Amino acid sequence: MSTQHAKLSASGSHRWLACPGSIKAEEGIKDKQSPHAAEGSMAHELAELVLEQGGSAFDWEGKHLIEWNAEPVTREMAEYIQEYVDFVASVGGTQMYEEQVDFSPWVPDGFGTSDVITFEGDTMRIIDLKYGKGIKVYAKDNPQGVLYALGALNEYGDFYDFERIIITIHQPRLDHIAEWEINKDALL
């Protein structure tokens, strides 16, 4: 799991697109992670481990993860991440996990790490895990999803022939899955 962050990151795009001045305002401020963000990072690491290594999220219950080892994986986290992993498996296709994508042709020095990118037939799918349980996040016109899709197009457009892009937001703790379909021309 990459810990490198772009100044114009996909995950922060909701902020810097709405308030370009936030880019300058945040310069020199050390990134301090909240307990909620740490929990989300741990959930993402657990999902990546299970997706890449196989097995079940329950195999990690009570264990400390490699990067986020302050707390062990709880039963609750294992349940929610297994739900997410099962969803990703149901999508099928060629799958890539925690892929860093470069969207700098559209955003200067822009890159980010997409949770899951899949290719099947004429369809590319971007799946973004949101572990928070406060606010529902929607896929339609989601700037983070759009930037990941542009980055995936930049990285893999020469290798996979796709016309349809589906951006999926999966929030297992809110029992929420949102999807939005766009074609490649509209994305560009």
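Residues numbered from 1 in each chain as written. Predicted model: local features only at pLDDT ≥ 70, side-chain atom pairs only at ≥ 80, totals over all residues. Heavy atoms only, no water.

S.K.: Which residues make up the packing of aromatic side chains, and what values go with them?
M.R.: For the structure on display, the rule yields four aromatic pairs. Centroid distance Phe-119 to Tyr-156: 5.9 Å. Interplanar angle 65 degrees. Geometry classified as edge-to-face. Note that Phe-119 is positioned in strand E2 (residues 111-120) and Tyr-156 in helix H5 (residues 143-156), a separation of 37 residues in sequence. Considered together, Phe-119 and Tyr-156 belong to a single accessibility category, that of buried residues. Aromatic pair Phe-119 and Tyr-160: ring centres 3.9 Å apart, planes at 0 degrees, arrangement stacked. In this pair, Phe-119 sits in strand E2 while Tyr-160 sits in the loop between H5 and strand E4 (164-171), placing the two residues 41 residues apart along the sequence. (Phe/Tyr/Trp six-rings, centres within 6.5 Å; stacked < 30°, edge-to-face > 60°. Helix = DSSP H or I, 4+ residues; strand = E, 2+ residues; numbered from the N terminus. Buried < 20%, exposed > 50% of the residue type's maximum accessible area, 1.4 Å probe, protein only.)

S.K.: A description of the pairing of E2 should follow, citing residues and the corresponding values.
M.R.: Taking burial as the measure, the ten residues of E2 include nine buried ones, the bulk of the element. Relative to E2, strand E1 (residues 94-102) runs antiparallel, the two being bridged by eight bridges. Along E2, the bridge assignment pairs Gln-100 with Thr-113. Inspection of the sheet shows E2 paired to strand E3 (residues 123-129) by five bridges, in the antiparallel sense. Its bridge partner being in E3, Phe-119 is matched across the sheet by Met-124. (Pairing = 2+ DSSP bridges.)

S.K.: Tell me about the nonpolar core, and please be specific about residues and values.
M.R.: Membership of the largest hydrophobic core comes to 25 residues, with the highest contact counts inside it found for Ile-117, Met-124, Ile-126, Ile-165, Ile-167 and Leu-187. For this core, the elements supplying multiple residues, two or more each, are E1, E2, E3, H5, E4 and strand E5 (176-183). The dominant element in this core, judged by the number of residues it contributes, is H5, at eight residues. Setting aside anything within four residues of it in sequence, one finds Leu-187 in contact with Val-146, Ala-149, Leu-150, Leu-153, Ile-165 and Ile-182. (Core = buried A, V, L, I, M, F, W, Y, C linked by side-chain atoms within 4.5 Å. Contact = heavy atoms within 4.5 Å.)

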